[in-house]
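Topology and contacts: notes
One-letter residues, chain by chain:
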Amino acid sequence: MGRSTGIYVIIALLLAVLPFVYDDRIILSLVMQVFIFGIFAMSYDLLLGFTGIVSFGHAMFFGIGAYSVAIVLNQNEATLFYLLLGTLLAVAVAGIVSFIAGVLTLRLQSHFYAMLTLALAGLFMVAAEKMRSLTGGNEGFVLMVPDMFIDTSGPTLYLTCLIVLVVFFFLVRRFTQSPVGKVLMAIRENEQRVESIGFSIMYYKVIASMISGIVASIAGVLYVLSLQFVDTSVFATDVTLDALLMTIIGGVGTLVGPIIGAGIIEFAHHWLSDLADVHWIFKRWIILFGIVYILAVIFFPRGIVGTLQEIWIKRKYKKQQGKEATKDKNEAAS
Amino acid sequence: MESIISTKDLTIAFGGHVAVDGITIDIPEKQFTSVIGPNGAGKTTFFNLLSGQLSPTKGAITFNGEDITKLSPTKRTRKGIGRSFQITNVFPNLTVLENVRLAVQSKNKVRFQMLRHFTAYKQFEDRALELLEQVLLADKAHSLANNLAHGEKRKLEIAMLLALETQVLLLDEPTAGMSLEEVPAILDVIRRIKEQGDTTIVLIEHKMDMILDLSDQVLVLFHGQLLAHGSPEEIMNNETVQSAYLGGLYDESSA
């Protein structure tokens, strides 16, 4: 564990220095989006990759985070206090909604959770459209943010996003390596068996659902800070699909995977859109991603990180066997 | 002999088909009970009723004098009834060690600890390794369960079951689908558990000759009914049982 933690810390430090040595604002805000969607995709992977629960409405938690903060800041002064209050509200609402969704459906087969989350996300979207006085309806609204975050591509917001990502990465990693995390992985593998060794799977699934929802809402909070604008698109199914794509391409069942996946998708999106003048197909980049997605599922079902991990484990295993073989030889010789 | 599990008029019907039909039986504590019977006799269904995967249409099950008919499989495991499955049932993409470690974790009631690293519970890992040794699987501890041979998976399953340290072990055809060379190793593992003498073992077996020398008591199921029960010798010499196995017996009420 020690070595990988070291590598992550070094990468995080390098990323922290980046805004001070490199000042292409477009790239910096792109990297920031990667951090935000990295958190979001990571929370999605907690469900999909670790517990084996499919959610079609994960955008709902993202949107809950975005709207909670946006509304609290909009209705009050744009100070740090109200930002924190909004974040707390986001966490509370996301926790309650994910709890309810979990309790209602997780004792049933997995597609019920997928359908219920899809429906709830739709419901939240409609609510955001209809409650015009609060949300500004379809067009959304521009909001004031605390002074320190006013510069959307400045180092303060960038560092905040990075720190939140790092903190949640390590927290979620600890969670997945805890006894509870191990049970979640066992649930993914074989629910019935987990039950018969004496764990009540229901509690674990609800815990996974809640933690995933809460982490996703934090990503929504950062997202709205980075845009200083919110509209109903945060509840759109596209947001969920993005998370799914990031997770699958990066590596299901790993935590770095979704973050790398977020990086790939965000940068690819950026560069492909730039190519729109060359050929119209680049404007419809989602078509290209559809193809990439299909290819990934067929040829790299474990994603980038998963595939690398597999190769690495195989090599280690071989090395170990080699070592044992030479040891046996030496022993035999002496 | 004290009985640990008793069933009273235990019946389950799937639609019109009565799979287990009014079985009343006492399973004595710390004894080795075998359940035998031809295909479709209701052996596994009977097990599913005991372990809670199915709930009976009629009748009751008591465990240590307590009515457990309505308890979930999880609760029954916690009370002390552990079972293995006829179809191999392990966590395929986890390592062998992790498979057993989870069972040890469950036994030690570490259920909702989510902040400590799992290696903080070193004793679980040691215990898991110990169990793997017991079922002759220690050298495979770090392979994925998926990559085990069939017989090894069965051994892994027994290790997981032992980890729970339940009072009762329900073993559903532990030798099913195994090659002939693998069978003695499994029987050896089971014999060792029996010799420790502190567990009640109930075992389903299709091939009667295999377990006769292990059993203290044999139950014969046929068409969902308890055809006979007694010591292995009694069963061997029982004419009804012989004709059931030879296929000559009809259920008179349905014929």
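Residues numbered from 1 in each chain as written. Chains lettered and ligands numbered in written order. Predicted model: local features only at pLDDT ≥ 70, side-chain atom pairs only at ≥ 80, totals over all residues. Heavy atoms only, no water.

1. Topic: the layout of surface pockets
All names here are of chain A. In this structure, the second largest pocket occupies an estimated 680 Å³ of space. In terms of lining residues, the second largest pocket is bounded by 25 residues, among which Asp 238, Asp 242, Glu 266, His 269 and Trp 285 are the most central. When contributions to the lining of the second largest pocket are tallied by element, the ones reaching two or more residues are α2 (25-51), α10 (201-227), α11 (237-250), α12 (256-274) and α13 (285-299). By residue class, the composition of the lining of the second largest pocket is 16 nonpolar, six polar and three charged. (1 Å grid on protein atoms, 1.4 Å probe; cavity = no way out; pocket = protein on both sides within 12 Å on 5 of 7 lines; lining within 4 Å. Points joined across faces, edges and corners; volume = space filled by probe spheres on them. Helix = DSSP H or I, 4+ residues; strand = E, 2+ residues; numbered from the N terminus. Nonpolar A, V, L, I, M, F, W, Y, C, P; charged D, E, K, R; others polar.)

2. Details of the domain arrangement of chain A
By the assigned domains, chain A splits into domain 1 (2-301) and domain 2 (309-334). The C-alpha centroid of domain 2 of chain A is placed 41 Å from the C-alpha centroid of domain 1 of chain A. (Domains from an automatic or database assignment.)

3. Re the sheet that holds strand β4 (residues 58-63) of chain B
Residues and elements named next belong to chain B. An order of β2-β1-β4-β5 is seen for the four strands of this open sheet, with the pairing classed as antiparallel. Looking at strand neighbours, the two that pair on one side only are β2 (17-28) and β5 (66-67), the edges of this open sheet. Bridge count between strand β1 (residues 3-14) and β2: eight bridges; the pairing is antiparallel. Its bridge partner being in β2, Ala 13 is matched across the sheet by Val 18. (Pairing = 2+ DSSP bridges.)

4. Description of α12 of chain A
Here α12 of chain A contains 19 residues, and its C-alpha end-to-end distance of 27 Å stays within 8% of the 27 Å for a straight helix at 1.5 Å per residue. Those residues of α12 of chain A lying buried are Gly 257, Pro 258, Ile 259, Gly 261, Ala 262, Gly 263, Ile 265, Glu 266, Phe 267, Ala 268, His 270 and Leu 272 of chain A. (Expected span 1.5 Å × (residues − 1). Buried < 20%, exposed > 50% of the residue type's maximum accessible area, 1.4 Å probe, protein only.)

5. A short note on the packing of aromatic side chains
Residues and elements named next belong to chain A. Scanning the model with the defined rule gives 13 aromatic pairs over all chains in all. On the basis of an interplanar angle of 45 degrees and a centroid distance of 5.2 Å, the ring pair of Phe 267 and Trp 271 is categorised as tilted. In this pair, Phe 267 and Trp 271 are both assigned in helix α12, four residues apart and thus about one turn of the helix distant. Residue classification places Phe 267 among the buried residues on the basis of a relative accessible area of 19%. Every member of this aromatic cluster is reached through a ring pair, and the members are Phe 37, Phe 40, Phe 62 and Tyr 223. (Phe/Tyr/Trp six-rings, centres within 6.5 Å; stacked < 30°, edge-to-face > 60°.)

6. Quick notes on the pairing of strand β9 (residues 217-222) of chain B
All names here are of chain B. Among the six residues that make up β9, six are buried, leaving the element largely enclosed by the rest of the structure. Residues of β9 alternate between two faces, with Gln 217, Leu 219 and Leu 221 on one and Val 218, Val 220 and Phe 222 on the opposite face, all of them buried. Sheet topology note: the strand β3 (residues 32-36)/β9 ladder contains four bridges and is parallel. Note on β9: the bridge partner recorded for Ile 36 is Val 220. Of the pairings in the sheet, the one linking β9 to strand β10 (residues 225-230) comprises five bridges and is antiparallel in character.

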